[in-house]
Amino acid sequence: MNRGVLASLAASALFAAIFLISGSLKDIGHTEVYGWRIVLTLLIIAPVYALVPARRSQMIALLGRIKARPGLLFYGAIASSLVGVQLWLFMYAPMNGYALATSLGYFLLPLVMVVVGRAAFAERLSRGQKIAVALAVAGVGHQLFFAGGLAWPTLLICLGYPVYFAARRAARFESNAAFTLEILFLTPLAVYFILTGVHGPEATLLPVLSIGVLGAVAMFLYLGAASLLSLSVFGLLSYVEPVLLLVAAVAMGEQLFARDAFTYAPIILALVVLATDGFRSTRSLRRRN
């Protein structure tokens, strides 16, 4: 469990570092940076599934399911496209002044997932989850009516990711091997972006390549944490990333105003309630076992 916690925290820190590095890049197109991230992620992850027997068996089993039911490719294509948009946005936002809007989207994501679980999969909400959703509604309500509304990156993250996870669940494509196939599906477009991108000076090549490498390592750690931790603990640790993204956004020069407290404070409090509720549920489950 300790290894899983460290892996999850390290992954969140690396995602924030990628966000910060992306925001510092000049004279290069975000699509080219995105392309390099996809290609390097595939080059680092793919050999694992070719050389490690357990991973290779996982991939063979997944390909066997697809061969037996080709219709699953439809859900796979949807999931790949959705995650591709999210990875693109993670490069675009900090390079174009949407870092705070992106961090808000990741703050809202766990709360939206709770609502989607209730609406789409008939999952029961605990008392803590109901309180968390109510607090989040208060924060979002302030942003909608008094602070100019939610920016499109915020909506794309907090609404797009739940659709992605729902598509994966519908096809039972929830393994690490499925993510590798999603990246493979995105690679031709990524190569096109690299070849046709607005190439910056040679000085930008190192940070661009570092984004790709850090992205692949972060995904390894993230997926590794998912396999080492219970779903509840893994979910609790996912709340670390939006906090780090918020810090990165401020470090990049985006401003928080006093009125933003009425948006962020209820949402952060909602995440605290959600985390506390999840921690209690985990302890209760351990006691029963």
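What this report covers is the structure whose coordinates are included nearby.

Scoring rules and cut-offs
- Every residue gets a number counted from 1 within its own chain, in the order that chain's sequence is written.
- Predicted model: local features are reported for residues with pLDDT of at least 70 only, side-chain atom pairs are reported and counted for 80 or more only, and whole-chain, interface and lining totals are derived from all residues.
- Note that the side-chain values use all heavy atoms of the structure and ignore hydrogens as well as water.
- Axis geometry follows a simple rule: fit a line to the C-alpha atoms, using only the stretch in contact for helices, then measure angles between N-to-C directions, giving values from 0 to 180 degrees.
- In this description a helix means any DSSP run of H or I spanning at least four residues, a strand means any run of E spanning at least two, and both kinds are numbered starting from the N terminus.
- Roughly parallel refers to an angle under 35 degrees, roughly antiparallel to one over 145, roughly perpendicular to one between 65 and 115, and oblique to any angle outside these ranges.
- We call a crossing left-handed when the near helix sits turned anticlockwise from the far one by less than a right angle, and right-handed when that turn is clockwise.
- It only takes one pair of heavy atoms within 4.5 Å for two residues to be counted as in contact.
- Amino acids are sorted into nonpolar (Ala, Val, Leu, Ile, Met, Phe, Trp, Tyr, Cys and Pro), charged (Asp, Glu, Lys and Arg) and polar (every other residue, Gly among them).
- Each patch is assembled from residues with relative accessible area greater than 30% and no salt bridge, linking like charges that lie within 9 Å and nonpolar side chains (Val, Leu, Ile, Met, Phe, Trp, Tyr) that lie within 5 Å.
- Residue exposure ignores everything except the shown protein chains as possible cover, and the areas themselves are Shrake-Rupley values with a 1.4 Å probe.
- One side-chain nitrogen of Lys or Arg within 4 Å of one carboxyl oxygen of Asp or Glu is enough to make a salt bridge.
- Centre distance within 6.5 Å is the pairing criterion for rings of Phe, Tyr and Trp, where only the six-membered ring of Trp is used; planes under 30 degrees apart are then read as stacked, over 60 as edge-to-face, and the remainder as tilted.
- Exposure classes here rest on a 1.4 Å probe applied to the protein chains alone. A residue is buried below 20% of its type maximum, exposed above 50%, and partly exposed in between.
- Between the first and last residue of a helix there are one fewer steps than residues, each counted as 1.5 Å, and that sum is the expected span.
- In this text, buried Ala, Val, Leu, Ile, Met, Phe, Trp, Tyr and Cys residues form a nonpolar core when linked through side-chain atoms within 4.5 Å.

**Observations regarding the packing of helix H2 (residues 30-51) against helix H8 (residues 176-196)**
Piece 1. In the contact formed by H2 and H8, the axes pass within 8 Å of each other and the chain directions differ by 140°. In terms of their interaxial angle, H2 and H8 are classed as oblique. Considering how the two elements wind past one another, H2 and H8 form a crossing that is left-handed. Between H2 and H8, the residues in contact are Thr31, Glu32, Tyr34, Gly35, Trp36, Ile38, Val39, Thr41, Leu42, Ile45 and Tyr49 and Asn176, Ala177, Phe179, Thr180, Ile183, Leu184, Leu186, Thr187, Ala190, Val191, Phe193 and Ile194, respectively.
Piece 2. Residues of the contact of H2 with H8, tallied by class, amount to 16 nonpolar, 6 polar and 1 charged.

**Overview of a nonpolar patch on the surface**
Piece 1. A cluster of nonpolar side chains, namely Leu43, Ile44, Val213, Val217 and Phe220, defines an oily patch on the protein surface of about 380 Å² accessible area.
Piece 2. Broken down by secondary-structure element, the contributors of at least two residues to the nonpolar patch are H2 and helix H9 (205-228).
Piece 3. No other element matches H9, which puts 3 residues into the nonpolar patch.
Piece 4. Mapping Val217 onto the fold places it in helix H9.

**Quick notes on the packing of aromatic side chains**
Piece 1. All told, the structure shown has 15 aromatic pairs when counted by the stated rule.
Piece 2. Each ring, one from Tyr106 and one from Tyr161, has its centre 6.2 Å from the other, and the planes form 55°; the classification is tilted. Pair noted here: Tyr106 is in helix H5 (residues 99-121) and Tyr161 is in helix H7 (residues 152-171), with a separation of 55 residues, a long-range link. For the pair formed by Tyr106 and Tyr161, the shared burial category is buried.
Piece 3. Pairwise contacts between aromatic rings join Phe15, Phe19, Phe90, Tyr106, Tyr161, Tyr164 and Tyr222 into one cluster.

**Thoughts on H2**
Piece 1. Taking 1.5 Å of rise per residue, the 22 residues of H2 would be expected to cover 32 Å, and the 33 Å separating its terminal C-alpha atoms lies within 8% of that figure.
Piece 2. Every buried residue of H2 is listed here: Glu32, Val33, Tyr34, Gly35, Arg37, Ile38, Val39, Leu40, Thr41, Leu42, Ile45 and Tyr49.

**Some thoughts on the nonpolar core**
Piece 1. Core analysis: the largest hydrophobic core is formed by 73 residues, its most contacted members being Val33, Phe90, Leu111 and Phe179.
Piece 2. Not counting chain neighbours up to four residues away, the residues in contact with Leu111 comprise Ala132, Ala136, Ile267, Ala270, Leu271 and Leu274.

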